[in-house]
Amino acid sequence: MKKNILLLLTAIIVVSCSTKVKKPEARSKFLKGFSTYYNTLFNAKDALNSEFEGRDKAHKDNFYAPYIPILTYEEQPIGSDLGQSSAFAENSSKMAEINRPAPSNSNGRSAPGMPPNSPNKVPGMPQDPNQQADNKGATTLEIAEAKALKAIGKYSVIRKGEEQNNTIFDAYIILAQSRIYQGKSRQALDALNYVFTHMKEDKRLPLAKVYEGLAYAQLKDYFKSDQIFSQLKSEGISKDHDKLLSIYYSELLLDAGKKEEAVKELDRAFELNGNRKLKSRIAFLRGQVLSELGRNEPARESFAAAYKYANDFEFEVKSQIEIAKTFNGKGDYAGAKKYLEDISKKGTYGSRKNEFYYALGLMASKAGKSDEGQEFFRKSLLEKVSDPQVRGLTYYEIGRSYLDKNDYIGAGAYYDSALATMTYEPSKILLKDQSENIKKISRNYYFIKKNDSILSIARMPEAQKTEYFAKYIQKLKIKEEKEELERLRAERNKGFDTGDYNSNSIFANSSTSFEDFGTATKGFYFGNTGTVSKGTSTFKQVWGDRALVDNWRYSKKMASIEDLKNEALGVNSAPNPRRFEPAYYIEQIPSDAGKLSQLKKDRDTASLGLGIMYQNYFTNTPLATKTLYDLVDAKPEEKVMLQALYEIFAMNYEKNSQAAAKAKQILLTDYAYTSYAEFARNPKNNTFVKSSPETETAYKTAYALFESEKFSESQNIIDQSIQKNPKDALVPKLYLLNAFNAGKSSGKEVMILQLEQIVLNYGKTPEGEKAKEMLNYLKSDIAFQSTDNKGNTVPQNPNNNMPQNPAGYGQPTQNMQQSQNITAPGNQNNPLPNSKQPVNNAIQSGLPKKPVMNAPQSEMTAPIPAQKK
């Protein structure tokens, strides 16, 4: 009996120690769940949690992007505008392409769940094997993925196509999460498909569906993701799963551009989630979306809720700034102002005074108190910097006030300060464009002012010149005396008097020892005059002479805005020994008629460029119109006059006919036979429709009359047809036929004039191309010679020295369908621009659209004070 028992025990031990691995369907499910969790899955879950905790601790919100993420372990979104000022709104489409990684969404948010990208890595894309060598070991997410795969491979129990080990569900969820946050969305979907196939009855399937929707959102398949989330929402899932669903669904709707629906889902997410941090972030995001939609009052309430639930000091401060930004100007400004001022004095909030002053400045500007707003912005500059981006935006707001006053030098100086201080790259790129445009305008503006001053002084009699410069010299003397007094006062106040008047002696410190020249004695820096002197010298070597003002770092000549203006006017700050002699200035005024004429031409060219820049860079049509009319009043040369009148008419004829009327009248009266005048008579249409049967009949009739040499009658029919149907697609063809009528009846010059008008208005149509060819021929020196059948020359009428077929390619019935479809969408020959603004093309080939921005500088070697008009 004992022998049998021993044999049985031996057999059991041998079987139990066997290393044979059973197939999944042959495994027992007993204790497998326990073994799965405590042997492998625990490590996978721990690795994933460690990754999330690390991301959460390292997370730093970018409050200047359009939206913040709700979950702090997801990638920070990349934005497309400043989010601080409406002046940048017009450029937001441009900035949508700046610094956008490959998986980013079109509105500037990164795909949900995407991890921060390394410089050379695109999530979800195959990587170069050669780059893998740079990675030192596996990442935490890769470890979590490997552990989850190990748990699945070792402990999965499949019978009859169904997974028997319920803990494997957790393994697949961890596997999907780790892959999603590595950017491997397709592999994550593969993992989730196993759950849907082999665990159909599991009650946790809605959680897998949530991550499936997230993976599709990451792949930018918003339609599929929306379908999944909508279905889950309608099924009534558990509250825990619904919390996660509401967060991911709201972010998906934002990514898909459905902002109104996103607001509703964020409301639901705010109600479902009880965590204070999550509620605060949801409220802040909802406020951002509402603010973008222009609903300032509910946005303000949402930011107030974000402040109420905030558990982070930075979040509290930024919430208060957003509350100030959404002030609609109609509320209790005095109460809101007092509230912010009181907060800025409380405890640790005092360290953020510069940000609160910035917020107060925004609020005052919204309330229509621009001067008070500028006061707050300047107060902000005096406080210690807590956020460089806020400091940069403060400089921007001050610069914008100068821009509103058309002080481009002042605006440029503060914009440069903003560029040097800002940290948010998309904001800097937008501002850089504006800053460059401002500098171009400034150069032209002060070049014009300088030349005007020189020309004005040149016209003065000698006695008046002497008197004018004598007054200037008197002001200069007063200014220099004042500066000298300030310099002497500064010298007296420099440092502190320690009472040791022998401090320069090497024996001053001790009667028994020499001074140690190798090391400086410790103590208050300004108490040692030697150290102060050395420091001052070093500073001047590096930075030069600087004024004690903000923005001192720019350059020696940029200590103040006034210095910048003087530099632009050519007023040199370096003193000249003869600066107090009127003759010193008078002898530099050009008297040669040629030089004065060149100064006038350069001034007029710069003025034309300035007017065009006002319109093109800042869409400041009133200022552009005024500048160009001032140029017209200055009587420039003809080609500049024509371009100025054309620009005035082109930018105003649709929106401000009264402003365009004067330019049109001058063109029609003084320059009636130019193509500019033709444009003023018939501005190009941009709303053509298809051709009507009536217009087709009129064209055929007019063409038949042209062939019968009844040119006047043909012209009358064409004029009547265009007047009745100015938007007909055959209008270009009618104008071309009319040009031939004019050539036959009025001569070559009139025909050229009308062909130029066709090229100007319909350059991209077949008629426009034909008109170009004919113009090249008519303006050439080659005479047209007709010959008979034997090649003998036939005498020609001078007026008939032109092609004989107006259509150029057949009878009027031919190519009619082509004319009808010329303005169809997608036709590359469509002459009509998409916008309603006229295209300001140069009408004559020899006349540039924009003049050279920097006109040639005068040959003067010394400054001339600006003439005040």
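Just so you know, these numbers come straight off a predicted model, no measurement behind them.

Participant: For this particular structure, what's the right way to read the overall build of the protein?
Facilitator: Along the protein, the regular secondary structure elements total 34 helices and four strands. Relative to its 869 residues, the protein shows a buried fraction of 46%. For the protein, the proportion of contacts with a sequence separation of at least 24, taken over those separated by at least 6, is 66%. Taken as a whole, the protein presents about 46300 Å² of accessible surface, with 52% of it coming from carbon and sulfur.

Participant: How should I be thinking about the packing of aromatic side chains in this particular structure?
Facilitator: Each aromatic ring pair is described using two quantities: the centre-to-centre distance and the angle formed by the ring planes. One pass over the full model with this rule turns up 31 aromatic pairs. Grouped by ring-pair contacts, the aromatic residues Tyr-468, Phe-469, Tyr-472, Tyr-584 and Tyr-585 constitute a single cluster. The ring of Tyr-309 carries the charged tip of Lys-279 above its face, separated from the ring centre by 5.4 Å.

Participant: Looking at this model, I keep getting lost on the pattern of salt bridges. Mind explaining?
Facilitator: A side chain of one charge can pair with a side chain of the opposite charge when the charged atoms of the two come close. Taken as a whole and judged by the stated rule, the model has 37 salt bridges. A salt bridge links Arg-204 to Asp-202; its shortest N-O distance comes to 2.9 Å. Judged by relative accessible area, Asp-202 falls into the buried class, the value being 14%. Asp-452 is paired through a salt bridge with Arg-603; the nearest N and O atoms lie 2.8 Å apart. Residue Asp-452 is located in helix H19 (residues 425–458), and its partner Arg-603 is located in helix H24 (residues 593–618); the two are separated by 151 residues in the primary sequence.

Participant: Looking at this structure, I do not really get a nonpolar patch on the surface. What am I missing?
Facilitator: A surface patch of nonpolar side chains, amounting to about 490 Å² of accessible area, comprises Ile-5, Leu-6, Leu-8, Leu-9 and Ile-12. With respect to the element layout, Leu-8 can be found in helix H1 (residues 2–16). Assessed through its relative accessible area of 53%, Leu-8 is described here as exposed.

Participant: Even after reading the chapter, I still don't get unusual backbone geometry, so can you show me in this structure?
Facilitator: Peptide bonds are mostly trans, and most non-glycine residues show a negative phi. If you check the backbone angles, Lys-220 has positive phi at about 65 degrees while not being a glycine. Residue placement: Lys-220 occurs in the loop between helix H7 (205–218) and helix H8 (222–235). For Lys-220, a relative accessible area of 36% puts it in the partly exposed group. Its identity as a non-glycine residue notwithstanding, Glu-709 has a phi of 65 degrees, on the positive side. Relative to the elements of secondary structure, Glu-709 occurs in the loop between helix H29 (693–707) and helix H30 (711–724). A relative accessible area of 61% means that Glu-709 is categorised as exposed.

Participant: Which parts of the structure should I look at to understand helix H14 (residues 333–343)?
Facilitator: Count 3.6 residues to each turn of an α-helix, and residues three or four apart come out pointing the same way. For H14, the set of buried residues is Tyr-333, Ala-336, Leu-340 and Ile-343. Angular distribution of buried residues about the axis of H14 spans 100 degrees; they occupy a single face of the element. Opposite the buried face of H14, at more than 90 degrees from it, the exposed residues are Ala-334 and Lys-338. Where H14 is buried, its residues meet helix H12 (296–309), helix H13 (313–325), helix H15 (353–366) and helix H16 (370–382).

Participant: Whenever I open this one, the packing of helix H9 (residues 239–255) against helix H10 (residues 259–272) confuses me. Can you help?
Facilitator: The description of two packed helices rests on the angle between their axes and on the distance between the axes. Axis separation between H9 and H10 bottoms out at 8 Å; the angle between their running directions is 155 degrees. Classified by the interaxial angle, the pair formed by H9 and H10 is roughly antiparallel. Like other packed secondary-structure pairs, H9 and H10 cross with a definite hand, here left-handed. Residues Lys-239, Asp-242, Lys-243, Leu-245, Ser-246, Ile-247, Tyr-249, Ser-250, Leu-253 and Leu-254 of H9 pack against Lys-259, Glu-261, Ala-262, Glu-265, Leu-266, Arg-268, Ala-269 and Leu-272 of H10. Among the residues forming the contact of H9 with H10, the class breakdown is nine nonpolar, two polar and seven charged.

Participant: What exactly am I supposed to notice about the nonpolar core here?
Facilitator: Among soluble globular proteins, nonpolar side chains are generally buried collectively. By size, the foremost hydrophobic cluster in this structure holds 78 residues, and its most contacted members are Tyr-172, Tyr-181, Tyr-211, Tyr-248 and Leu-285. Judged by nonpolar contacts, the second largest core, of 75 residues, contains Leu-360, Val-390, Tyr-415 and Phe-679.

Participant: Please explain the confidence of the model for the protein as it appears in this structure.
Facilitator: Detailed reading of the predicted coordinates is not advisable wherever pLDDT is low. Per-chain confidence: the protein averages 74 in pLDDT, with 69% of residues scoring 70 or above. Counting interchain partners and residues more than four positions distant, the pLDDT-below-50 stretch residues 24–34 has 23 contacts. Segment residues 798–803: pLDDT under 50, and 15 contacts once partners within four positions in sequence are set aside and those in other chains are kept.

Participant: Is there a simple way to think about the packing of H8 against H9 in this case?
Facilitator: Orientation of H8 relative to H9, taken along the N-to-C sense of each, is 145 degrees, at an axis distance of 10 Å. The way H8 lies across H9 gives a crossing that is left-handed. Counting all contacts with H8, which are made through Tyr-222, Ser-225, Asp-226, Phe-229, Ser-230, Leu-232 and Lys-233, the residues of H9 involved are Leu-245, Tyr-248, Tyr-249, Leu-252, Leu-253 and Asp-255.

Rules and cut-offs
- Residues numbered from 1 in each chain as written.
- Predicted model: local features only at pLDDT ≥ 70, side-chain atom pairs only at ≥ 80, totals over all residues.
- Heavy atoms only, no water.
- Helix = DSSP H or I, 4+ residues; strand = E, 2+ residues; numbered from the N terminus.
- Buried < 20%, exposed > 50% of the residue type's maximum accessible area, 1.4 Å probe, protein only.
- Contact = heavy atoms within 4.5 Å.
- Areas by Shrake-Rupley, 256 points an atom, 1.4 Å probe, with all protein chains shown as cover.
- Phe/Tyr/Trp six-rings, centres within 6.5 Å; stacked < 30°, edge-to-face > 60°.
- Lys NZ or Arg CZ within 6 Å of the ring centre and 35° of its normal.
- Salt bridge = Lys/Arg side-chain N within 4 Å of Asp/Glu carboxyl O.
- Patch = residues over 30% accessible without salt bridge, like charges linked within 9 Å, V, L, I, M, F, W, Y side chains within 5 Å.
- Arc of directions from axis to C-beta.
- Axes fitted to C-alpha atoms, helices over the stretch in contact; angles between N-to-C directions.
- Parallel < 35°, antiparallel > 145°, perpendicular 65-115°, else oblique.
- Left-handed = near helix turned anticlockwise from the far one by under 90°.
- Nonpolar A, V, L, I, M, F, W, Y, C, P; charged D, E, K, R; others polar.
- Core = buried A, V, L, I, M, F, W, Y, C linked by side-chain atoms within 4.5 Å.
- pLDDT = per-residue confidence, 0-100.

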